[in-house]
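# Commentary on secondary and tertiary structure
Listed below, chain by chain, are the residues.
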Amino acid sequence: MDYYNNSQTPPPIYGGTRTLTQQVSDVMKKVYLRMFIGLLISGFVALGVASSPSLTMFIFGHAWVYWGMVIAMFAMAIAIPRALNRMSTTTTMLLFFLFSALMGASLASIFYVYSLGVISYTFFITAGVFGAMSVYGYFTKANLAKMGTYLFMALIGLVIAMVVNIFVASSTLDWIISIVGVLLFVGLTAWDTQQMKQIAAANLAPELTDKLATMGAMNLYLDFINLFIFLLRIFGGSRD
């Protein structure tokens, strides 16, 4: 079910007591809180793995472990939205947090590639850019729906280019991919924020709205993580 294309006009009062503004505010607070928790989980897991040579060797020294995690994350990203109606609110949230933990483990290698200083200031740059674009997506009166279609096509092209560059190993193409990746996820941040705001304004059942808030958190979480990775590739010099 395409919840992002819900065209239902919400009533001015939801649940008989809350105004539409309060309804949207309550849902968006859940979205950002769960996204923040997901980022915390990823950060602590990444630090934990990076600080344990045995865990680092187990994950990155065995291809089947690393690629198993990657495949599991892809499978979860596809399966969670499809099974949303059949899962409880708690299950949806726990799966998102598990996804965040797997992502954190897969990102632990950045502590061996980049210095802590580079990682830190890139994180703050990412937070600033993400925050600005999310605020824009939330408050803009422009309809970003058409932009979403172009962004999705660009995402497919970016993935293809990244696969091709695995074989050609072009530094120029890698630089172009990084710049396009930043621009793409800057746009997706604004688009996902606006889509989640529209969902929050729809007159949906509270349980469904809560699960969709978790999905919104997951989408914005992925926007943040990918924006961070591409910025790190641009600004981050390798560890000496």
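The structure this text deals with has already been given above.
For the structure given in this document, a descriptive report is provided here. (Residues numbered from 1 in each chain as written. Predicted model: local features only at pLDDT ≥ 70, side-chain atom pairs only at ≥ 80, totals over all residues. Heavy atoms only, no water.)

As a further point, take the packing of helix α6 (residues 116-139) against helix α9 (residues 206-235). Look at α6 against α9: their axes get within 9 Å of each other, and the N-to-C directions meet at 130°. Judged on the interaxial angle alone, α9 and α6 are oblique. Of the two possible hands of crossing, α6 and α9 adopt the one that is right-handed. Here V118, I119, Y121, T122, F123, I125, T126, A127, V129 and F130 of α6 come into contact with α9, specifically with L220, D223, F224, L227, F228, L231, L232 and F235. Split into classes, the residues belonging to the contact of α6 with α9 amount to 15 nonpolar, 2 polar and 1 charged. (Axes fitted to C-alpha atoms, helices over the stretch in contact; angles between N-to-C directions. Helix = DSSP H or I, 4+ residues; strand = E, 2+ residues; numbered from the N terminus. Parallel < 35°, antiparallel > 145°, perpendicular 65-115°, else oblique. Left-handed = near helix turned anticlockwise from the far one by under 90°. Contact = heavy atoms within 4.5 Å. Nonpolar A, V, L, I, M, F, W, Y, C, P; charged D, E, K, R; others polar.)

What follows covers a nonpolar patch on the surface. Where nonpolar side chains cluster on the molecular surface, the patch consists of Y150, F152, M153, I156, V159, I160, V163, V164, I166, F167 and V168 and spans about 1200 Å² of accessible area. Mapped onto the fold, V159 is located in helix α7 (residues 145-168). Here V159 falls in the partly exposed class, since its relative accessible area comes to 44%. (Patch = residues over 30% accessible without salt bridge, like charges linked within 9 Å, V, L, I, M, F, W, Y side chains within 5 Å. Areas by Shrake-Rupley, 256 points an atom, 1.4 Å probe, with all protein chains shown as cover. Salt bridge = Lys/Arg side-chain N within 4 Å of Asp/Glu carboxyl O. Buried < 20%, exposed > 50% of the residue type's maximum accessible area, 1.4 Å probe, protein only.)

Moving on to the packing of helix α1 (residues 20-50) against helix α2 (residues 53-60). Where α1 contacts α2, the axes come no closer than 6 Å and their chain directions differ by 100°. The angle between α1 and α2 places the two elements in the roughly perpendicular class. Packed against α1, whose contacting residues are G48, V49 and A50, the element α2 presents L55, T56, I59 and F60 at the interface. Looking at the contact of α1 with α2 residue by residue, the classes come out as 5 nonpolar, 2 polar and no charged.

Another aspect to go through is the pattern of salt bridges. Counted according to the given criterion, the structure contains 3 salt bridges. K30 is the salt-bridge partner of D210, the closest N and O atoms lying 2.9 Å from each other. Placement of the pair is D210 in helix α9 and K30 in helix α1, with a sequence separation of 180 residues. Residue classification places D210 among the buried positions, given a relative accessible area of 11%. Since its relative accessible area comes to 36%, K30 is described here as partly exposed. Taking the shortest distance from any N to any O, the salt bridge between R34 and D210 comes out at 3.0 Å. Separated by 176 residues along the polypeptide, R34 in helix α1 and D210 in helix α9 bring together distant segments of the chain. Among the residues examined, R34 registers a relative accessible area of 9% and is labelled buried.

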